[in-house]
Amino acid sequence: MKTLLFILLITIGLIILTGMMTKTKAKTETQKFKTIYKEGNFEIRYYPEAALASVTMEGYDNSRNSGFRILAEYIFGGNSENQKISMTSPVRISNTEQKSTMSFVLPSKLEFDQLPEPLNNDILLHRSKPVYAAVIQFGGYASSRKTEKKMNELKEVLKRLNLQYHDNLEYLGYNPPYQIVNRKNEVLAELTNFNPEEFHKAQF
């Protein structure tokens, strides 16, 4: 009886938590893109210009923890105007052998020239360039091993489709750490010399 009651309470808690996460997600702006091609969990997208706040740090784990804290301080009011800025998704992380860069995509309604200056000099405000990119989506928590596996999977698809890309792939995370269910992650490769019309002709 106690076991059944415990399971029931856990189930109710998960239902409530899922509802809260769905409501939160509905309020969170996602970086805009246009889907060019879709095949299962693989997509080719066009990303228009966006405003980013980025911080580069030594090491992957350091960027995920300290980097997130630094950027969060900026959008929570740690800026020249003491202005609170809405959180968007995804959080983007790119890595080299020595460093990791974490970026927050800033709300599209904000004009870049009117963004408040960060109080932390480690934060760089910049515009991304319009790009075509390929992504693979996956669920659950994104461990380093799982993310690397998905990046290799993405490279295999790009090789099969004969698409050129930049070697520095990115991880895109869409959920807060406390969200248990319906987690969404992506790995992304920026395409080079991509022509949508020629690609579609080659496929069809």
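This report concerns the structure included in the present document.

Definitions and cut-offs
Residues numbered from 1 in each chain as written. Predicted model: local features only at pLDDT ≥ 70, side-chain atom pairs only at ≥ 80, totals over all residues. Heavy atoms only, no water. Salt bridge = Lys/Arg side-chain N within 4 Å of Asp/Glu carboxyl O. Helix = DSSP H or I, 4+ residues; strand = E, 2+ residues; numbered from the N terminus. Buried < 20%, exposed > 50% of the residue type's maximum accessible area, 1.4 Å probe, protein only. Expected span 1.5 Å × (residues − 1). Contact = heavy atoms within 4.5 Å. Phe/Tyr/Trp six-rings, centres within 6.5 Å; stacked < 30°, edge-to-face > 60°.

Re the pattern of salt bridges
Piece 1. Taken as a whole and judged by the stated rule, the model has eleven salt bridges.
Piece 2. Put simply, Arg160 and Glu39 hold a salt bridge, and the shortest N to O gap is 2.6 Å. Here Glu39 lies in strand β2 (residues 34-39) and Arg160 lies in helix α3 (residues 144-160), a separation of 121 residues in the sequence.
Piece 3. Take Arg160: its relative accessible area is 51%, and that puts it in the exposed class.
Piece 4. The exposure class assigned to Glu39 is partly exposed, which follows from its relative accessible area of 29%.
Piece 5. Residues Arg69 and Glu73 are paired through a salt bridge, measuring 3.4 Å at the closest nitrogen-oxygen approach. Separated by four residues within a single helix, Arg69 and Glu73 lie in helix α2 (residues 60-75), roughly one turn from each other.
Piece 6. Put simply, Lys38, Glu43, Arg45 and Glu186 are held in one network by salt bridges that share partners.

Things to note about α3
Piece 1. Look at α3: 25 Å from first C-alpha to last across 17 residues, which is about the 24 Å you get at 1.5 Å a residue.
Piece 2. Buried positions along α3 lie against β3 (42-47), β9 (131-138), β10 (170-173) and β11 (185-190).
Piece 3. Following α3 by one or two positions, Asn162 adopts a phi angle in the positive range, close to 60 degrees.

Overview of the packing of aromatic side chains
Piece 1. Counted according to the given criterion, the structure contains seven aromatic pairs.
Piece 2. Both rings, one in Tyr37 and one in Phe42, keep their centres 6.3 Å apart while their planes meet at 70 degrees; by these two values the pair is edge-to-face. Each member of the pair, Tyr37 as well as Phe42, carries the same accessibility label: buried.
Piece 3. Ring centres of Phe194 and Phe199 lie 5.6 Å apart, and the angle between their planes is 50 degrees; this geometry places the pair in the tilted category.
Piece 4. For Phe194, a relative accessible area of 13% corresponds to the buried category.

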